[in-house]
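Descriptive analysis of the structure
Each chain is listed here by its residues.
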Amino acid sequence: MARSWGFWTRYKLELLQRYLDSFTTTTKNRSPTKRVYLDLFGGEPDNVDRDTQDPIDGSARIALNTKDPPFSHLRFFELEPNATKLRQALSAEFPDRDWVVYAGDCNDTIHQALADLRAGDAGWAPTFAFIDPNGPHYSWRTLEALAAHKGSRAKTKVELWLLFPDPLFARMLPRTGDVRPADNAAITAMYGDPQWHAIWRAKLDDEIAPADAREEYVNLMRWRLEGALGYRWTHQLEIRNTGGVPIYHLIFATDSEPGHNIMTHLYDQAAAEFPAMAQAARSLRVRRRREAHGQYDLFSTLDPEDPDVLGISVPTPSTATRQRLYVHEPPDEPRVHDTQTCPYCE
Ligand SMILES: C[S@@+](CC[C@H](N)C(=O)[O-])C[C@H]1O[C@@H](n2cnc3c(N)ncnc32)[C@H](O)[C@@H]1O
């Protein structure tokens, strides 16, 4: 059965497609023949839009269909049985391309995949990594390996675009009592550091509101990507569901000036387009619900059969006629964590 996604996932994939188009174009002169795409949570081959039931191309197909120029090497990572399903689908559709599906936990298989790329003389090539989990499933060691992959003499590291599931922390971290050891370990493994406990503690002590805690969790990740891994710029974009509830942030890390400028532009477009898409998705849902009860609205302007009804062609002010909605700001220095008094730090 196809996996069904909300409109926000379709929009995330639309942003991915726009960025990949720019990434291969802007790196073409620097590297005419080689550019690498890594997809650490490669997904399943069949996906549909939850509202329209239209098929959606997942990240693997989007990357393989990027043209002018295409990616020369694509490496996907998935757990079984999805890895086999993905491999079978891509074998039929893209038999002549250089792609590999690594089956298993990407936090383990990434090291061999990166070593293989270096051994195959693609270790220096411009490389983009999409890290799109459903939860806190990537580890800091994985991010470190990606950042170190091209070596200390490379001008730019592997670009990272990662889904950061900050709202999930509220569910994992109790308001009273102890955090489950597995959840504590998963969050610490993701940050590579226990400093996030300071934010949790501040929230437990009512020093900060839940929304501020979420902002601080995102800020801390960006701070570490810049400070500990040496990325020159990081960006954040909050994604909300149809009901306006925050579901994750998309964090981008780069030390390429064109990459920084392009993502600034795309996040600005997203800030303008996303509310209109959310509204269209809500209206379509209301209309479908009414129609299911036999109530038809003659004056509705939304035609659910129109393929663009949830598409990015929902009218939004053009960048030329509106103020910028997204401006890049560096992360703030995070609050200090006292490991001496922390019951969770050894
Ligand atoms: C949000 S989906 C990815 C969607 C995909 N990027 C797309 O656009 O179609 C997350 C995927 O990660 C896979 N996954 C979860 N943990 C993983 C791990 N440790 N290593 C590799 N894949 C994992 C799941 O099986 C799931 O298909």
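Data block above holds the structure.
So, here's what we can say about the structure. All values derive from a computational prediction rather than experimental measurement. (Residues numbered from 1 in each chain as written. Predicted model: local features only at pLDDT ≥ 70, side-chain atom pairs only at ≥ 80, totals over all residues. Heavy atoms only, no water.)

1. A short note on the overall build of the protein
Heads up, the condition is: Elements are defined by DSSP. Helices are runs of H or I of four residues or more, strands are runs of E of two residues or more, and each kind is numbered from the N terminus. Each residue gets one of three labels from its accessible area relative to the maximum for its type: buried under 20%, exposed over 50%, partly exposed in between, using a 1.4 Å probe on protein chains only. Note on contacts: a residue pair qualifies if any of its non-hydrogen atoms lie within 4.5 Å across the two residues. The Shrake-Rupley method, run with a 1.4 Å probe sphere, supplies the accessible areas, and residue values consider only the shown protein chains as cover. Here Asp and Glu are counted as negative and Lys and Arg as positive; His is not counted, and neither are the chain ends. Lysine's charge is taken at NZ, arginine's at CZ, aspartate's at CG and glutamate's at CD.
Counting its secondary structure elements, the protein contains 10 helices and 10 strands. Each principal axis of the C-alpha atoms in the protein carries an extent, and together these give about 65 × 55 × 45 Å. Relative to its full complement of 346 residues, the protein shows a buried share of 54%. Partitioning the intrachain contacts of the protein with sequence separation of at least 6 by distance along the chain shows that 75% fall at a separation of at least 24. If you sum the accessible surface of the protein, you get close to 16600 Å²; carbon and sulfur atoms cover 51% of it. Distance between charge centroids for the protein: 2 Å, based on 40 positive and 49 negative side chains.

2. What to know about the packing of helix α4 (residues 106–119) against helix α5 (residues 140–148)
Our working rule: For helices, the fitted line uses only the C-alpha atoms of the stretch in contact; every axis is such a line through C-alpha atoms, and the angle between N-to-C directions lies from 0 to 180 degrees. Roughly parallel means an angle under 35 degrees; roughly antiparallel means over 145; roughly perpendicular covers 65 to 115; every other angle is labelled oblique. Note on convention: near helix rotated counterclockwise from far helix by under a right angle means a left-handed crossing. Clockwise means right-handed. In the scheme used here, Gly and all other residues not listed as nonpolar or charged are polar, with Ala, Val, Leu, Ile, Met, Phe, Trp, Tyr, Cys and Pro taken as nonpolar and Asp, Glu, Lys and Arg as charged.
Interhelical geometry of α4 versus α5 gives an angle of 15° and a closest axis separation of 9 Å. When the axes of α4 and α5 are compared, the pair comes out roughly parallel. The chirality of how α4 crosses α5 is left-handed. Of the residues in α5, those in contact with Asn107, Ile110, His111 and Leu114 of α4 are Arg141, Thr142, Ala145 and Leu146. For the contact of α4 with α5, the residue count by class is 4 nonpolar, 3 polar and 1 charged.

3. Brief notes about the nonpolar core
Cut-off, in case you're wondering: Put simply, buried Ala, Val, Leu, Ile, Met, Phe, Trp, Tyr and Cys residues joined by side-chain atoms within 4.5 Å make one nonpolar core.
Residues Ile131, Leu143, Leu146, Leu160, Phe164, Tyr217 and Met221 are the most contacted members of the largest nonpolar core, which totals 48 residues. Top contributing element to this core by residue count: helix α9 (residues 210–227), with 6 residues. With sequence-adjacent residues up to four places away left out, methionine 221 is seen in contact with Tyr138, Trp140, Leu143, Phe164, Met190, Tyr191 and Ile251. Core analysis: the second largest hydrophobic core is formed by 43 residues, Leu20, Phe23, Ala83 and Ala278 among them.

4. So, the sheet that holds strand β4 (residues 55–56)
What counts here: Should DSSP find at least two bridges between two strands, the strands are regarded as paired.
Within the open sheet, the 3 strands sit side by side as β1-β3-β4. Their pairing is mixed. Only two strands of the sheet have a single partner each, and these edge strands are β1 (3–5) and β4. Where strand β3 (residues 47–49) meets β4, 2 bridges bridge the pair, whose relative direction is antiparallel. Each residue of the ladder has a partner; that of valine 48, found in β4, is proline 55.

5. Considering α9
One turn of the α-helix equals 3.6 residues, which is why residues spaced by three or four share an orientation. Under the convention used in this document: Under the convention used throughout, the expected extent of a helix is 1.5 Å for every residue step, that is, one less than its residue count.
For α9, which comprises 18 residues, the first-to-last C-alpha distance of 25 Å matches the rise-based estimate of 26 Å (1.5 Å per residue) to within 8%. Looking at α9, one finds that the buried residues are Ala213, Arg214, Glu216, Tyr217, Val218, Asn219, Leu220, Met221, Arg222, Arg224, Leu225 and Glu226.

6. Brief notes about helix α7 (residues 181–191)
Going by this rule: The directions from the helix axis to the C-beta atoms are what the arc is built from.
Listing the buried residues of α7 in full gives Asp183, Asn184, Ile187, Met190 and Tyr191. For α7, the buried positions fall inside an angular range of 135° around the axis, keeping them on one side. Within α7, the exposed residues directed more than 90 degrees away from the buried face are Pro181 and Ala182. Buried positions along α7 lie against α5, β8 (159–164), α6 (166–172), α8 (197–204) and α9. Downstream of α7 by a residue or two, glycine 192 has a phi angle that is positive, lying close to 70°.

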